[in-house]
Amino acid sequence: NAGVTQTPKFRVLKTGQSMTLLCAQDMNHEYMYWYRQDPGMGLRLIHYSVGEGTTAKGEVPDGYNVSRLKKQNFLLGLESAAPSQTSVYFCASSYSVRGNQPQHFGDGTRLSIL
Amino acid sequence: GIQVEQSPPDLILQEGANSTLRCNFSDSVNNLQWFHQNPWGQLINLFYIPSGTKQNGRLSATTVATERYSLLYISSSQTTDSGVYFCAVDPYYGGSQGNLIFGKGTKLSVKP
């Protein structure tokens, strides 16, 4: 079982460059999330999706865009990377938000902006 | 918004010792999860526990929703238990979308 797969695992960008992080899940989950983790802190929600074709803003959405064109994929885009976006990015998914349906996390993408 | 506070922030144990990690939250929650982030950065689900008690091997967790806290117990600790333990809650207000609010974590170091 692949679970939640994030691509790439590491990336270094220059300020102003753009890139897209890919999250893929093979569990037929409806809900998908993008979080960022900064040193010494817990994760903070960037954007999320409650189903194919839907997206919504989380706690720290500025500077990011997302798309969910297919149920299994959730893309996170940085249009013009800034040093403040240096972080570890985690994708998560869940089948439902009711009942015993925990979120499952990918292994993270380490992104450095120079 | 809801506040999630974890204590202690750091904990050093000798192998074989027991420990209790605490998570306090400031409002009602729809969901509470405990995670272990290992030294390689991976987040591992430990418990989904909005209320009650669960056990999984040497680990157990209890959430008292009415008093807004959760406890994670680690017994007979091993060096592989080292890492950061996070508590995360899904706030009850506004209709749940599953958006988790994380505490800052407890960093556990188990010495051989």
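Structural notes, computed from the coordinates. (Residues numbered from 1 in each chain as written. Chains lettered and ligands numbered in written order. Predicted model: local features only at pLDDT ≥ 70, side-chain atom pairs only at ≥ 80, totals over all residues. Heavy atoms only, no water.)

1. Quick notes on the interface of chain A and chain B
Reasoning step 1: Each side of the interface is counted separately: chain A has 22 residues, and chain B has 19 residues.
Reasoning step 2: Counting the surface lost from both chain A and chain B, the interface buries some 1,700 Å², and carbon and sulfur atoms represent 49% of this.
Reasoning step 3: For the chain A face of the interface with chain B, the top three residues by lost area are L43, Q103 and F105 of chain A, together amounting to 23%.
Reasoning step 4: Connecting chain A to chain B are 0 salt bridges. (Contact = heavy atoms within 4.5 Å. Buried area = accessible area lost by both parts, 1.4 Å probe. Salt bridge = Lys/Arg side-chain N within 4 Å of Asp/Glu carboxyl O.)

2. A word on the state of the cysteines
Reasoning step 1: Tallied over the entire structure, the rule returns 2 disulfides over all chains.
Reasoning step 2: Bridging C23 of chain A to C91 of chain A, the disulfide has an S-S length of 1.9 Å. The chirality of the disulfide connecting C23 of chain A with C91 of chain A is left-handed, given an S-S dihedral of about -75°. Here C23 of chain A is found in strand β3 (residues 19-25), whereas its partner C91 of chain A is found in strand β9 (residues 87-94), with 68 residues between them in sequence.
Reasoning step 3: According to the relative accessible area criterion, C23 of chain A is buried, its value standing at 0%.
Reasoning step 4: Note that C23 of chain B is cross-linked by a disulfide to C87 of chain B, the S-S spacing being 2.0 Å. Here C23 of chain B and C87 of chain B share a disulfide; its torsion about the S-S bond, -60°, makes the bridge left-handed. (Disulfide = S-S within 2.5 Å. Helix = DSSP H or I, 4+ residues; strand = E, 2+ residues; numbered from the N terminus. Buried < 20%, exposed > 50% of the residue type's maximum accessible area, 1.4 Å probe, protein only.)

3. Let's talk about the layout of surface pockets
All names here are of chain A.
Reasoning step 1: The space that makes up the largest pocket amounts to roughly 650 Å³.
Reasoning step 2: For the lining of the largest pocket, the element with the most residues is strand β11 (residues 109-113), which contributes 4 residues.
Reasoning step 3: For the lining of the largest pocket, the class distribution of residues is 12 nonpolar, 14 polar and 7 charged. (1 Å grid on protein atoms, 1.4 Å probe; cavity = no way out; pocket = protein on both sides within 12 Å on 5 of 7 lines; lining within 4 Å. Points joined across faces, edges and corners; volume = space filled by probe spheres on them. Nonpolar A, V, L, I, M, F, W, Y, C, P; charged D, E, K, R; others polar.)

4. Topic: the pattern of salt bridges
Reasoning step 1: Counted under the stated rule, the structure contains 5 salt bridges over all chains.
Reasoning step 2: In this structure, the salt-bridge partner of R44 of chain A is D38 of chain A, at a minimum N-O distance of 2.7 Å.

5. A closer look at the sheet that holds strand β3 (residues 19-25) of chain B
Residue and element names in this part refer to chain B.
Reasoning step 1: Spatially, 5 strands are ordered β1-β3-β8-β7-β6 in an open sheet, and the strand pairing comes out antiparallel. The open sheet is flanked by β1 (4-7) and β6 (52-56), the only strands paired with a single partner. For this sheet, the mean inter-axis angle between neighbouring strands, taken without regard to orientation, is 15°.
Reasoning step 2: In this structure, strand β7 (residues 59-64) lies alongside strand β8 (residues 69-74), joined through 6 bridges in antiparallel fashion. If you follow L59 over to β8, its bridge partner there is I74. (Pairing = 2+ DSSP bridges. Axes fitted to C-alpha atoms, helices over the stretch in contact; angles between N-to-C directions.)

6. Focus on the sheet that holds strand β1 (residues 4-7) of chain A
Across a sheet, paired strands are connected by hydrogen bonds in the backbone, their directions being either parallel or antiparallel.
Residue and element names in this part refer to chain A.
Reasoning step 1: With antiparallel pairing, the 4 strands of this open sheet are ordered in space as β1-β3-β8-β7. The open sheet terminates on both sides in strands that have one partner only, identified here as β1 and β7 (64-67). Strand-to-strand twist of the sheet, defined as the mean angle between neighbouring strand axes without regard to direction, takes the value 20°.
Reasoning step 2: Of the pairings in the sheet, the one linking β1 to β3 comprises 4 bridges and is antiparallel in character. Its bridge partner being in β3, T5 is matched across the sheet by A24.

7. Looking at the pairing of β9 of chain A
All names here are of chain A.
Reasoning step 1: With respect to burial, β9 is a largely interior element, 8 of its 8 residues being buried.
Reasoning step 2: Judged by which residues are buried, β9 turns out to be covered on both faces: S87, Y89, C91 and S93 on one side and V88, F90, A92 and S94 on the other are all buried.
Reasoning step 3: Relative to β9, strand β4 (residues 31-37) is paired through 7 bridges, and the arrangement is antiparallel. In the sheet register, Y35 faces β9, and the bridge partner there is F90.
Reasoning step 4: Here β9 pairs with β11 via 3 bridges, running antiparallel. Within the sheet, the bridge partner assigned to V88 lies in β11 and is R110.
Reasoning step 5: Inspection of the sheet shows β9 paired to strand β10 (residues 104-105) by 2 bridges, in the antiparallel sense. Following the sheet pairing, S93 is matched in β10 by H104.

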